[in-house]
4 protein chains.
Amino acid sequence: MYNFRNDYSEGAHPNILQKLITTNLQQQPGYGDDVYSEQAKILLKKHLENFNAAIHFVSGGTQTNLLVIAALLKVHEAVISAHTGHIFSHETGAIEAVGHRIITIETTNGKLQQQCIEAALKNYQLRPHIVKPKMVYISNATEVGSIYTKAELIALWEFCQTNNLLLFMDGARLGNALMTPKSDVTLADLSKYTDVFYIGGTKNGALLGEAIVFNNQSLAPEFDYVLKQKGALLAKGRLLGIQFLELFTNDLYFQLATHANQMAMKMATAISALGFGFLSEPVTNQIFPILPKKVIESLANKYLFYQWKEIDAETAIIRLITSWATDEQVVNEFIADLQQAVN
Amino acid sequence: MYNFRNDYSEGAHPNILQKLITTNLQQQPGYGDDVYSEQAKILLKKHLENFNAAIHFVSGGTQTNLLVIAALLKVHEAVISAHTGHIFSHETGAIEAVGHRIITIETTNGKLQQQCIEAALKNYQLRPHIVKPKMVYISNATEVGSIYTKAELIALWEFCQTNNLLLFMDGARLGNALMTPKSDVTLADLSKYTDVFYIGGTKNGALLGEAIVFNNQSLAPEFDYVLKQKGALLAKGRLLGIQFLELFTNDLYFQLATHANQMAMKMATAISALGFGFLSEPVTNQIFPILPKKVIESLANKYLFYQWKEIDAETAIIRLITSWATDEQVVNEFIADLQQAVN
Amino acid sequence: MYNFRNDYSEGAHPNILQKLITTNLQQQPGYGDDVYSEQAKILLKKHLENFNAAIHFVSGGTQTNLLVIAALLKVHEAVISAHTGHIFSHETGAIEAVGHRIITIETTNGKLQQQCIEAALKNYQLRPHIVKPKMVYISNATEVGSIYTKAELIALWEFCQTNNLLLFMDGARLGNALMTPKSDVTLADLSKYTDVFYIGGTKNGALLGEAIVFNNQSLAPEFDYVLKQKGALLAKGRLLGIQFLELFTNDLYFQLATHANQMAMKMATAISALGFGFLSEPVTNQIFPILPKKVIESLANKYLFYQWKEIDAETAIIRLITSWATDEQVVNEFIADLQQAVN
Amino acid sequence: MYNFRNDYSEGAHPNILQKLITTNLQQQPGYGDDVYSEQAKILLKKHLENFNAAIHFVSGGTQTNLLVIAALLKVHEAVISAHTGHIFSHETGAIEAVGHRIITIETTNGKLQQQCIEAALKNYQLRPHIVKPKMVYISNATEVGSIYTKAELIALWEFCQTNNLLLFMDGARLGNALMTPKSDVTLADLSKYTDVFYIGGTKNGALLGEAIVFNNQSLAPEFDYVLKQKGALLAKGRLLGIQFLELFTNDLYFQLATHANQMAMKMATAISALGFGFLSEPVTNQIFPILPKKVIESLANKYLFYQWKEIDAETAIIRLITSWATDEQVVNEFIADLQQAVN
C-alpha cells in the first residue's frame, strides 16, 4: 500500500542525514547556541531580506503555535482563526491550555478575509465581558490546500495594522504554498506582511523542525525563556540547525516543495482529463478530487488516502497528499490504476 | 429612568439586611464554617431531598462556572455549551483561562438537546488530535429566557449518563426557571438529573451569592482547595450563609422569583393584547417583544432596556427584564405608556 | 469563648450596614459603575493624593493577589516574596495556578530587604533556564505583625526601580500598619513608593472588600478584563463601593484600625508588666507573647487563640489578634484572667 | 578546547544514524504509530519485566516533566522535589506554568528521604489554605551526581504508598545511575518501585528522546491527548522509536552509560591519587573535584568545564562531565595535564 494520506510518512532528505553524520562528533554548545543553528539563521535572514528578524527552531507545529501565542497574548486576549485552522481543529486545545480563546470563523476555503474578521471583532466588543481579539492566525497553505496571494496578504496585513491586531502565519506547509505557480508571494514578503510566521520543516524534508520568525526582534525579546518553559528548547539544538542549514543550502527547501506540488498537479491533471472535478481548485500538494465510489474502492486496494466526505450514494471526495519524497513512478501507476478503474 | 435592563440593579431583600444586622457582632469561624452557612446548607439539602449533596457558597456566576469546570475537567477535556451560554458569551474567557475549550453549539432558543450534542461529539472524535468532550453545560433559565422541562432534563441526563458526560446546570436565574407556570421541574429534580448545578442568589434577592450543589459529594471531595485557590473562599463566609438562610426560610426565594416572573408576564400580556409578537414565548423574567421603532423610542425616554436586534427599518426587538424588586406601580405605568405610544 | 484567633470573626461596622439599608432600593448600574463606587474612588484618590491612580474593588485578598500578578507578569516572570508571605503560605497555590513561580526568601521578621532580594536575583540569572524575577511582593503589616518604615519602603522602592522590578504591597492589614505609632507611612506614601498595593477592608470593618490601587493607571489599562475573567467583578459592585465610601468617610477606616491596635497594645503592656517577653516587638494588632504553658492552658478555657510555637517543655508562644470590633471589656477581663493565672 | 561541561555536546551513536538511513524511505504511520516505536516499546517492556506498563517517547526532559505532572496532578495538588531538582532549578517555571507548586526540600546530596518529606507534609497540612502534596519527584542520578540504592528506593516507595503520594523518577541520566558499580538497581526495579519514571536518551547516545514509563497503564489512560496538547507528539514519531530501538538492541544503552561512568572514574582515580578530594563521592559521570585554583586555571586553557563553587582564596570545586562519546585519549591527556599542572 502506498501512502497518499499525509506528507510525513518518510524520514528526511538524504542531505540532512549525510550532514548529521559528517558533523556528528563535533562538540557543540547546547540549546541552540551551536554553529549550525547560527549559520542557518544567517542563511534564513538572507532569504527573508531581514536582519532584524529573530529566528528560533523548534520541533513541531503545535508546539510552535502554543509558544507564539503564549508569548504574545496577555491573559485576556484571544486569537482569531478559521474554523479549519490547525490550532482549532487538530491541536487538542493547546491554545486554550495556555489560557486563550480561539475565536473561530466559518469559511468555504480555509482563508480569512477582512470582512469576516470585521464581523468577529463586532461580536467581541462587550468589554470587559468578553475577551479582546488581539491576533489573527492564518495558515499558508491552508489546511484545505488553498493559498494566499500577495494582494490578499497585504490587505490582511493592512487591516491588522489598522485594527491593532498581530498577524501570525502558520507555515507548516509554507514551501508548498510559496512554490505553486499560483503564488506570487516570497519569503521576503512574509517578513514584511506578517508579524510572525513559521517555516515548516517536518512536512518538507526534515525529520522534525519548524523555524519561527519574528519579523521584528523587539516583538518577543524574551522568547528564549518561553521556549525553555514549554519544553521546546532541545539540548542538542544542532539537530534543528543542521536541518535548516541543509534545507536552505542551494534552495533544497524550494525544490522539495516544488516536487511535492508537481506530483499533486500531475495527479490532478490526469483526474481532470478523466472528467472529474474537485472540491476546490488543486493548487498545492493537497488535492480533493470528487470520484465515483466504485473508483475510490478500487484505488483503496493499493493506495492509502483519506476519505474526505460523501457527496451522495455514488460519489465522494477523497484527499490525496504528496510530499517531497513522493515517487513519480508510483504517481504514474496511480494514474494508470485510476484510468483502468474508470473504464 | 426606570431600569428594565437587568435584574441586579437593586440591593438585597430587606430580610437579608435585617439578618445581617441582628447577627452582626456574633463571633463566628471564618471561611464558611460559621453556623449560618451550616444551617443554610441543611435547609437547602431538605429542599433538594438529598443529604448526600455537597454545597458551597460563592460570590458570583462566572466564579462558579470556572470553579466547577476547573475542578471537574482534566487538562485535555472540554465542555459543551450553547453558543449563547454565559460561559461562552459573557465571561471573558474564564473557562479557557483555566485551560479548557468550550465546544459551542448554535441553537435557536438557547437550549441544548441530544441531537446537537451528538453532532458535536461526532466532530470531536479524532483522538488524540482534538480535546475530549466531558461535560455539558446548560443554563436554566437560559440567557434568552427559555427553560427546560422535566422531560427534556431527564432526556439530557440520560444521554449524558450513556455518553459518560457530566451535566452541569448554570442556575443564575434558577428561581425564574422553576417558578414559571410552564415549568414542571423542582429543586429535587435538579438534584436527581444533573451532576452539579447552582442556585443563583445575586439575581434573586441577595447582595451576592450562588450556591453550588454537587449532587454526589464524591464528585469533588477536595473542592474546598479549589475554592481557596481561585480566590472564592470569603473570610466572612457568614455573609453568604446568612443570605441563603434567609432566602430559603419560608420559601422567600421562590416568592421573589415568582414576583419577577409575574411582573414580566403582566407586561407580556399587555404587549400581546396590543397585537405585538415576541422573539420567543415569554416564560420567565426576560421577555423579547417585537415593537415598532417609534414605540421603542418613546419608551426609551422613561425606561432603560436593551435594544436586542433590528428586524427592519421600522421594527426591532427589545429585551425587558424584571426582578424580585420590580415595582408593580412602574409596571403599570410602563403598560400605560406603551398603550399611549401605540395610539 | 471569646475569639482572639483572627480579625474577621464579626460582620461589618454598623455605618456600613446602615448605608446598605438606606441605598438598598436605589437602582444602580452593575459591575462597579454605580455612583457609590465612583464616589469611593474619588475619596480614596484624595487620600492617596494621586488622581492618576486606577482603583478597583474586589472581594478578598487571595483574589486580589492572583489578579494583580496574573495581570502584570508575563508567562516566564516570577514574584519574590518572604517565605511567610500570604501568597506563599496561605493561598493554596493561587499564584502558581495562574502560572507563576513564587521565589521565596527566609526572613526572621516577615520583611524583605534589599540584601536578601539581591541574593535571590543572583540565584535566578541562568537565562533562559530559570524564571525571570519581575515583581517584589511585600505585606504591610506582615503576616507576623511587623511593619515597614518609610525609610525602609523608600529603600525597597529605589532598589526595585533600579532593578526593573515591580513593587506590590499586600495591604490586608494596611490600616493596622499605618495606624501604629511606630509607623511614619501614609496612604499617599504608598502611592509614591509602590507600583500597586491594596487597602484591606475585610479585616478592618467591611463585610468583604479590598481596594486595589495601581498608582499609575497605565500599568494595567485593561485590568477590567482580568477582573471579569477571574470571577472577581461583582454584578452588584455597589456592595463594595458603599463599604469603601463609608470606611473613608470621616476617617472611619483609620479609627477602626487604631482601635484594634490599641486593644492589642493594652494586652501587650499588661503582659510585659508581668515580666513576659514576645517573639517580636508588639506593633500592630497581632502580638506573640511567650508564656508558661500552665498560663496558656488556663487562658484557653475562656479564650480562643492560636498556639504559635513551643519553646520548651514549659513555655510556648501564642498569637493574639484584635480587631476593629474587639470589646475593651473583654480585653480587661483577659488581662485580669492572665494576672490571676500567673499568680 | 575539549568539552567536559556537559553530556550533550555530540550528536548520536552511529548505530542510530545508520538506522535512520536504512529506514529512511520506509513509509510509516505518523504520531508514534510506526513499527519502530512499537518494537522499541516491546523491547523496553521486556527489560522492565512489565507488560502492563505504558510507554511514550518524547523529545526532552523538561517536556517530560511538565507532561507527567500536568497529566497526573489535580489543580490544587503539588509536587515535592529537592531544591536541586531539575524541575525547580533548571526548567524556567515549567511546572508552575501548568499550574502546580513545587514544594522544595534542601538536601546535602540532592536526594530525598522519608524524614525530610515527612517534614514537608507537616508544613502543608492547613487544608484548604495550602496546596495538597500529591507527588514526590526524584532524579536518578541526581543533578549532583549521586544515586539511589535499591534499599533507599524501596523505602521511598513504601513511604509514598503509605502516604498516598505518587513517586516520579526523572531519569535524564538514568543509564549512568544504573551502570555505576555502586548501584544495585535495575530497570525492572524501577518498574516496581516507582509510579512513573523516564529513561533518558538525549544524554546517553540519542539525538533527542526520553521514554516515559507509566508502570501501570491505568495511571494515565488518556496521556496521548496530553502529549498532543503540549506539543510533544512528533509527526515523525519514528525518529524517537528508531533511537530507542537501537539503544536497547544488544544493550547499547547500558554500554554507553558504562563508558561515560568509566571515563569519569578514570579521572576521579587520578585526581584522588594526587591527593585531592571531592565535594561528594564520585559515582556516576559527574564528578566534583576540589582543586587549587592555579591548577584549575591551567586546565581551563585546554578544557571546558563548569566552575562549581569557590572554597577559599586558593581552592575551588569544578564539575567534570563525561558522556557516551568521551574520548579516552583525551581523558588520558587531561590526566597528564593535571599531573603536570600540580607539579
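Residues numbered from 1 in each chain as written. Chains lettered and ligands numbered in written order. Predicted model: local features only at pLDDT ≥ 70, side-chain atom pairs only at ≥ 80, totals over all residues. Heavy atoms only, no water.

### Quick look at the interface of chain D and chain A
And step 1. Listed as interface residues are 43 residues of chain D and, on the opposing side, 44 residues of chain A.
And step 2. Between chain D and chain A the total buried area reaches about 3,900 Å² when both faces are included, carbon and sulfur atoms providing 57% of it.
And step 3. Here chain D is connected to chain A by zero salt bridges.
And step 4. For the pair chain D and chain A, the number of links is 23 residue pairs in polar contact (both at pLDDT 80 or more).
And step 5. Mapped by element, the contributors of at least two residues to the side of chain D that touches chain A are strand 1 (2–3), helix 1 (14–23), helix 3 (61–72), helix 5 (94–97), helix 10 (223–229) and helix 11 (238–247) of chain D.
And step 6. Considered class by class, the residues forming the side of chain D that touches chain A number 20 nonpolar, 17 polar and six charged. (Contact = heavy atoms within 4.5 Å. Buried area = accessible area lost by both parts, 1.4 Å probe. Salt bridge = Lys/Arg side-chain N within 4 Å of Asp/Glu carboxyl O. Polar contact = N/O pair within 3.5 Å; in protein donor to acceptor, adjacent residues only side chain to side chain. Helix = DSSP H or I, 4+ residues; strand = E, 2+ residues; numbered from the N terminus. Nonpolar A, V, L, I, M, F, W, Y, C, P; charged D, E, K, R; others polar.)

### Focus on the UniProt feature "domain: Aromatic amino acid beta-eliminating lyase/threonine aldolase" (unreviewed entry) in chain A
And step 1. Using the residue numbers shown here, the UniProt feature "domain: Aromatic amino acid beta-eliminating lyase/threonine aldolase" (unreviewed entry) corresponds to residues 31–288 of chain A.
And step 2. The span residues 31–288 of chain A is 42% helical and 16% strand by assignment, and the distance between its end C-alpha atoms comes to 41 Å. (UniProt positions renumbered as here; feature names shortened; annotations may be inferred.)

### Some remarks on the domain arrangement of chain A
All names here are of chain A.
And step 1. Assigned domains of chain A: these are domain 1 (2–6 + 253–342) and domain 2 (14–250).
And step 2. For domain 1 versus domain 2, the separation of C-alpha centres amounts to 28 Å.
And step 3. Contact with domain 1, which involves 18 residues of that partner, is made by 26 residues of domain 2.
And step 4. In total, domain 1 and domain 2 occlude about 1,800 Å² of area from one another, counting both sides; carbon and sulfur atoms represent 56% of this.
And step 5. Of all residues in domain 1, Y253, F254 and V283 bury the most surface against domain 2, accounting for 39% of the area lost on that side.
And step 6. The interface formed by domain 1 and domain 2 includes one salt bridge.
And step 7. A salt bridge links K182 to E281; the nearest nitrogen and oxygen atoms lie 2.8 Å apart.
And step 8. Run the count over domain 1 and domain 2 and you get ten residue pairs in polar contact (both at pLDDT 80 or more). (Domains from an automatic or database assignment.)

### Considering the packing of aromatic side chains
And step 1. Under the defined criterion, the tally for this structure stands at 56 aromatic pairs over all chains.
And step 2. Between the aromatic rings of F248 of chain B and F254 of chain B, the centroid separation amounts to 5.7 Å while the plane-to-plane angle is 85°, which identifies the pairing as edge-to-face.
And step 3. Classification of F248 of chain B as buried rests on a relative accessible area of 2%.
And step 4. Here Y303 of chain D and F334 of chain D contribute two aromatic rings whose centre-to-centre distance is 4.9 Å and whose plane-to-plane angle is 75°, an arrangement assigned as edge-to-face. (Phe/Tyr/Trp six-rings, centres within 6.5 Å; stacked < 30°, edge-to-face > 60°. Buried < 20%, exposed > 50% of the residue type's maximum accessible area, 1.4 Å probe, protein only.)

### Here's the deal with the packing of helix 2 (residues 35–48) of chain A against helix 11 (residues 238–247) of chain A
All names here are of chain A.
And step 1. Between helix 2 and helix 11, the shortest axis-to-axis distance is 7 Å and the interhelical angle comes to 35°. In terms of crossing hand, the pair formed by helix 2 and helix 11 is left-handed. Two secondary-structure elements touch here, helix 2 through Y36, S37, Q39, A40, L43 and L44 and helix 11 through R238, G241, I242, F244 and L245.
And step 2. Here the residues of the contact of helix 2 with helix 11 sort into seven nonpolar, three polar and one charged. (Axes fitted to C-alpha atoms, helices over the stretch in contact; angles between N-to-C directions. Left-handed = near helix turned anticlockwise from the far one by under 90°.)

### Some words on the sheet that holds strand 6 (residues 166–170) of chain C
Each strand in a sheet pairs with another by means of backbone hydrogen bonds, the pair being arranged parallel or else antiparallel.
Residues and elements named next belong to chain C.
And step 1. Strand order across the open sheet formed by seven strands is 2-8-7-6-5-3-4, with mixed pairing between neighbours. With one partner strand each, in any of the chains shown, strand 2 (54–58) and strand 4 (102–105) form the two edges of the open sheet. With direction set aside, neighbouring strand axes in the sheet form an average angle of 25°.
And step 2. Sheet topology places strand 6 next to strand 7 (residues 196–200); two bridges connect them, and they run parallel. Within the sheet, the bridge partner assigned to F168 lies in strand 7 and is V196.
And step 3. Sheet strands touched by helix 2 (residues 35–48): strand 2, strand 7 and strand 8 (210–214). Its angle to strand 2, the strand with the most contacts, is close to 125°. (Pairing = 2+ DSSP bridges.)

### Examining the relation of the copies chain D and chain A
Both copies of the chain are tied together by a single rotation about an axis and a shift running along it.
And step 1. By a simple turn and slide, chain D fits onto chain A: the slide is 0.0 Å along the axis, the RMSD is 0.0 Å, and the turn is 180°. Such a combination of turn and shift is consistent with a two-fold rotation axis.
And step 2. The fraction of interface residues of chain D whose copies in chain A are also interface residues reaches 100%, indicating that both copies meet through the same surface. (Least-squares fit on C-alpha atoms with pLDDT ≥ 70 in both.)

### Description of the interface of chain B and chain D
And step 1. Taken together, the contact pairs 19 residues of chain B with 19 residues of chain D.
And step 2. Taken together, the connections running from chain B to chain D amount to ten residue pairs in polar contact (both at pLDDT 80 or more).
And step 3. Its residues placed into classes, the side of chain B that touches chain D shows ten nonpolar, three polar and six charged.

### Quick notes on the relation of the copies chain B and chain D
And step 1. When chain B is fitted to chain D, the residual RMSD is 0.0 Å, and the transformation amounts to a turn of 180° plus an axial shift of 0.0 Å.
And step 2. An overlap of 100% is found between the interface residues of chain B and their copies at the interface of chain D, pointing to a shared contact surface.

### A few points about the environment of R238 of chain C
And step 1. Here R238 of chain C shows up in helix 11 (residues 238–247).
And step 2. Overall, the relative accessible area of 4% leaves R238 of chain C in the buried class.
And step 3. Excluding residues within four positions of it along the chain, R238 of chain C makes contact with S9, E10 and G11 of chain B together with T23, N24, Q26, Q27, Q28, D34, Y36 and S37 of chain C.
And step 4. Here the side chain of R238 of chain C touches Q26 of chain C through a polar contact of 2.8 Å, landing on its backbone oxygen.

### Quick word on helix 3 of chain D
All names here are of chain D.
And step 1. Relative to the 16 Å expected for twelve residues at 1.5 Å per residue, helix 3 spans 17 Å between its end C-alpha atoms, a close match to the ideal helical length.
And step 2. Within helix 3, eleven of the twelve residues are buried, which leaves the element mostly enclosed by the surrounding structure.
And step 3. Taken together, the buried positions of helix 3 are occupied by G61, T62, Q63, T64, N65, L66, L67, V68, I69, A70 and L72. (Expected span 1.5 Å × (residues − 1).)

### Re the sheet that holds strand 4 (residues 102–105) of chain A
All names here are of chain A.
And step 1. What the seven strands build is an open sheet, ordered 2-8-7-6-5-3-4; its pairing is mixed. The open sheet has two edge strands with one neighbour each: strand 2 (54–58) and strand 4. Averaged over all neighbouring strand pairs, the angle between strand axes comes to 25°, with direction disregarded.
And step 2. Of the strand pairs in this sheet, strand 5 (residues 132–139) and strand 6 (residues 166–170) are connected by five bridges, and their pairing is parallel. Bridging from a neighbouring strand, V136 pairs with L167 of strand 6.
And step 3. Strands in contact with helix 6 (residues 114–123) are strand 3 (77–82), strand 4 and strand 5; relative to strand 4, the strand with the most contacts, it is inclined by about 130°.
And step 4. Packing against the sheet, helix 11 makes contact with strand 2, strand 7 (196–200) and strand 8 (210–214), and its axis sits at approximately 115° to strand 2.

### Here we look at the pattern of salt bridges
And step 1. A complete count under the given rule lists 44 salt bridges over all chains for this structure.
And step 2. Note that D189 of chain C is salt-bridged to K150 of chain C, the shortest N-O span being 3.3 Å. Taken together, the residues D189 of chain C in helix 9 (residues 187–193) and K150 of chain C in helix 7 (residues 150–162) connect sequence positions 39 residues apart.
And step 3. Judged by relative accessible area, D189 of chain C falls into the buried class, the value being 3%.
And step 4. A relative accessible area of 28% means that K150 of chain C is categorised as partly exposed.
And step 5. By sharing partners, the salt bridges in this structure join K302, E333 and D337 of chain A into a single network.

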